[in-house]
Amino acid sequence: MLTGKQEACGFIVCLRLLFEQVDVTVSVPGHGDVVVDISYGGAFYAFVSAERFGLDVRTSRTRDLVDVATAVTNAVKSQVQLHHPSSPDLAFLYGTILTDGKDAFSEEPTANVCVFADAQVDRSPTGSGVTARIALQYHRGLIQLGQSRVFQSGATGSLFTGKAVQEASCGEFKSVVVEVAGRAHYTGISSFVQEGDDNLSGGFLLK
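Chains are numbered independently. Their residues run from 1 in the order of the written sequence. Totals for whole chains, interfaces and linings use every residue, but because this is a predicted model, local features are given only for residues with pLDDT of at least 70 and side-chain atom pairs only at 80 or more, for both listing and counting. The side-chain values count all of the structure's non-hydrogen atoms but skip hydrogen atoms and water molecules.

**Some thoughts on the nonpolar core**
Within this scheme, the nonpolar core is defined by two criteria: the residues are buried Ala, Val, Leu, Ile, Met, Phe, Trp, Tyr or Cys, and they are joined through side-chain atoms within 4.5 Å. Relative accessibility thresholds used throughout: buried, under 20% of the residue-type maximum; exposed, over 50%; partly exposed, between the two (1.4 Å probe, protein chains only). Grouped together as the largest cluster of nonpolar side chains are 28 residues, with contacts concentrated most on Val26, Val36, Ile38, Phe53, Val76 and Leu98. By the criteria applied, helices consist of DSSP H or I runs no shorter than four residues and strands consist of E runs no shorter than two, each listed in order from the N terminus. If you list the elements that add at least two residues to this core, you get strand E3 (20-28), strand E4 (32-40), strand E5 (44-49), helix H1 (62-79), strand E6 (93-99) and strand E7 (110-116). No other element matches H1, which puts seven residues into this core. Not counting chain neighbours up to four residues away, the residues in contact with valine 76 comprise Val26, Val36, Ile38, Ala46 and Leu93. With 11 residues, the next largest nonpolar core counts Ala135, Tyr138, Phe151 and Val180 among its residues. The criterion used for residue contact is that any of the two residues' heavy atoms lie within 4.5 Å.

**A closer look at the pairing of E5**
Judged by how many residues are buried, E5 sits mostly within the fold: five of six residues are covered. By the convention used here, strands pair only if DSSP detects at least 2 bridges between them. For E4 and E5, the ladder comprises four bridges, and the chain directions are antiparallel. Each bridged residue has a counterpart across the sheet, and for aspartate 37 the counterpart in E5 is phenylalanine 47. Where E4 folds back on E5, the antiparallel hairpin that results is connected by three residues, among which glycine 42 adopts a positive phi of roughly 120°.

**Side note on the pattern of salt bridges**
Salt bridge, as used here: a side-chain nitrogen of Lys or Arg that lies within 4 Å of a carboxyl oxygen of Asp or Glu. One pass over the full model with this rule turns up seven salt bridges. Between aspartate 23 and arginine 140 there is a salt bridge whose closest N-O contact spans 3.1 Å. Taken together, the residues span a long stretch of sequence, with aspartate 23 in strand E3 and arginine 140 in the loop between helix H2 (127-139) and strand E9 (149-153) at a distance of 117 residues. With relative accessibility at 37%, the residue arginine 140 sits in the partly exposed group. Of the charged contacts in the structure, one is a salt bridge between aspartate 64 and arginine 61, with a shortest N-O distance of 2.9 Å. Judged by its relative accessible area of 28%, aspartate 64 falls in the partly exposed class. Among the charged side chains, a salt-bridge network with shared partners connects Arg58, Asp100, Asp103 and Arg133.

**Points about the side chain of aspartate 100**
For aspartate 100, the position within the fold is in the loop between E6 and E7. Separated by 2.8 Å, the side chain of aspartate 100 and the backbone nitrogen of alanine 111 make a polar contact. The contact partners of aspartate 100, leaving out residues within four places of it in the chain, are Ser49, Val57, Arg58, Pro109, Thr110, Ala111 and Arg133. As used in this structure description, the phrase polar contact means that two N or O atoms lie within 3.5 Å; if the pair is within protein, one of them must be able to donate a hydrogen and the other to accept it, and residues adjacent in sequence are counted only when both atoms belong to side chains.

**Quick notes on unusual backbone geometry**
Of note, the phi angle at alanine 117 is positive, near 50°, even though the residue is not glycine. For alanine 117, the position within the fold is in the loop between E7 and strand E8 (120-121). On the basis of relative accessibility, which here comes to 42%, the residue alanine 117 falls in the partly exposed class. With a phi close to 85°, threonine 126 is a non-glycine residue in the positive phi region. With respect to the helices and strands, the residue threonine 126 is situated in the loop between E8 and H2.

**Overview of the side chain of threonine 110**
Mapped onto the elements, threonine 110 comes out in strand E7. For threonine 110, a relative accessible area of 0% translates into the label buried. Looking at threonine 110, its side chain comes within polar contact range of the main-chain oxygen of lysine 102, at 3.2 Å. In contact with threonine 110, not counting residues within four places along its chain, are Arg58, Asp100, Lys102, Arg133, Arg149, Val150, Phe151 and Gln152.

Dropping the structure here:
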């Protein structure tokens, strides 16, 4: 479930966490057994501290972070079965989020780097990733309803805030409504024209 509003100065999004798997051990080639948390906040992510690999999400080379995160993603995909209670098409791991390990509530920002899809790095802390991370923190009792945390991208320094606002459920799974807020800027405006005599204006499909 996704609801929200967008404004010129920023955005607010609410998502429901469907379920999580915590303390899952996977075998990662070159790194041995690695314990990860898996959570859903609009997409499934694996979470693990970069320190486990001798890295820092703020100062380590991006290439090193990407390589480690990709190895974790591949390991989870091959060793862990994911389940989505209402949309089987969403039951796949979208990526791995490396964190600074600072999950206990604090007024100080906690940083992470999201490596998703085809080994791409998100410029932001990642909306769905922050949602899933807040939900994990709430599940572990590290954050309470209504407490806001600041999340920072280790790649660019950009900031989001997130907080758990309400307990909920989805099927047999416990969930929590999470509010994520951040700042965005316009980068361009496009106009599309549909002419009445264009026989292909409704689109077409080639197979």
